[in-house]
Amino acid sequence: MTKVAYQDNSNYTPKPKIDISALGITCAECGASINELPFEPTKRDDGTYGRLYCYECNKKRMQARGPRRGFGGPRGNFGGGNYGRRDQ
């Protein structure tokens, strides 16, 4: 079974891994070689693939970030002020 950083016990099926070993990409955090990703990386205008992380470093980054939150503030106003709100 393929490792997935955050996997629950629902009917989630992990994305198939894409072999990128020929690209010679290394982890931006620890420098480890990255051979598989759950997506195909795209090149930027400068010819690089941006900051990519190995499984372990990505897992640490996600844990340090904390749980995901919804859009907007505690009332879900998407940062648009009170526009269109009638409960104020």
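It should be emphasised that the depicted structure is a prediction, and the values quoted were computed from it without experimental measurement.

Trainee: Give me the lowdown on the overall build of the chain, citing residues and values where you can.
Mentor: From N to C terminus, the chain includes 1 helix and 2 strands. Mapped from its N terminus to its C terminus, the chain presents α and β elements in the order β-β-α. Taken over 88 residues, the chain has a buried fraction of 11%. When contacts within the chain are restricted to residue pairs at least 6 apart in sequence, those whose partners lie at least 24 apart make up 29%. Accessible surface for the chain amounts to roughly 7,600 Å². Of this, 48% is attributable to carbon and sulfur atoms.

Trainee: I'd love a proper account of the environment of aspartate 19, names of residues and values included.
Mentor: The residue aspartate 19 is located in strand 1 (residues 18–19) in this model. Once the C-alpha coordinates of aspartate 19 and leucine 37 are considered, the two residues, 18 residues apart in sequence, prove to be 6.9 Å apart. Looking at aspartate 19, its side chain comes within polar contact range of the side chain of serine 21, at 2.8 Å.

Trainee: An account of the environment of glutamate 36 is requested, with residue identities and associated values reported.
Mentor: If you trace the backbone, glutamate 36 turns up in strand 2 (residues 36–37). For the pair glutamate 36 and isoleucine 18, spaced 18 residues apart in sequence, the C-alpha separation works out to 5.3 Å.

Trainee: Any details on the packing of aromatic side chains? Residues and values, ideally.
Mentor: This structure, assessed with the given rule, holds 0 aromatic pairs. The residue whose ring lies beneath arginine 61 is tyrosine 53, and the NZ or CZ to ring-centre distance is 4.0 Å.

Trainee: How would you explain a positive patch on the surface if you had to name every residue and give the values?
Mentor: There is a patch of like positive charges on the surface, built from Arg51, Arg61, Arg65 and Arg68. Note on placement: arginine 68 falls in the segment after helix 1 (55–65).

Trainee: Quick one: what's the story with the state of the cysteines, residue by residue and with numbers?
Mentor: The full count for this structure, using the stated rule, is 0 disulfides. Take cysteine 54: it sits in no disulfide, and the sulfur closest to it among the cysteines is that of cysteine 57, at 3.6 Å. The class of cysteine 54 is buried, set by a relative accessible area of 14%. Relative accessible area serves as the criterion here: at 6%, cysteine 57 is assigned to the buried category.

Cut-offs applied
Residues numbered from 1 in each chain as written. Predicted model: local features only at pLDDT ≥ 70, side-chain atom pairs only at ≥ 80, totals over all residues. Heavy atoms only, no water. Helix = DSSP H or I, 4+ residues; strand = E, 2+ residues; numbered from the N terminus. Buried < 20%, exposed > 50% of the residue type's maximum accessible area, 1.4 Å probe, protein only. Contact = heavy atoms within 4.5 Å. Areas by Shrake-Rupley, 256 points an atom, 1.4 Å probe, with all protein chains shown as cover. Polar contact = N/O pair within 3.5 Å; in protein donor to acceptor, adjacent residues only side chain to side chain. Phe/Tyr/Trp six-rings, centres within 6.5 Å; stacked < 30°, edge-to-face > 60°. Lys NZ or Arg CZ within 6 Å of the ring centre and 35° of its normal. Patch = residues over 30% accessible without salt bridge, like charges linked within 9 Å, V, L, I, M, F, W, Y side chains within 5 Å. Salt bridge = Lys/Arg side-chain N within 4 Å of Asp/Glu carboxyl O. Lys, Arg positive; Asp, Glu negative; His and termini not counted. Charge placed at Lys NZ, Arg CZ, Asp CG, Glu CD. Disulfide = S-S within 2.5 Å.

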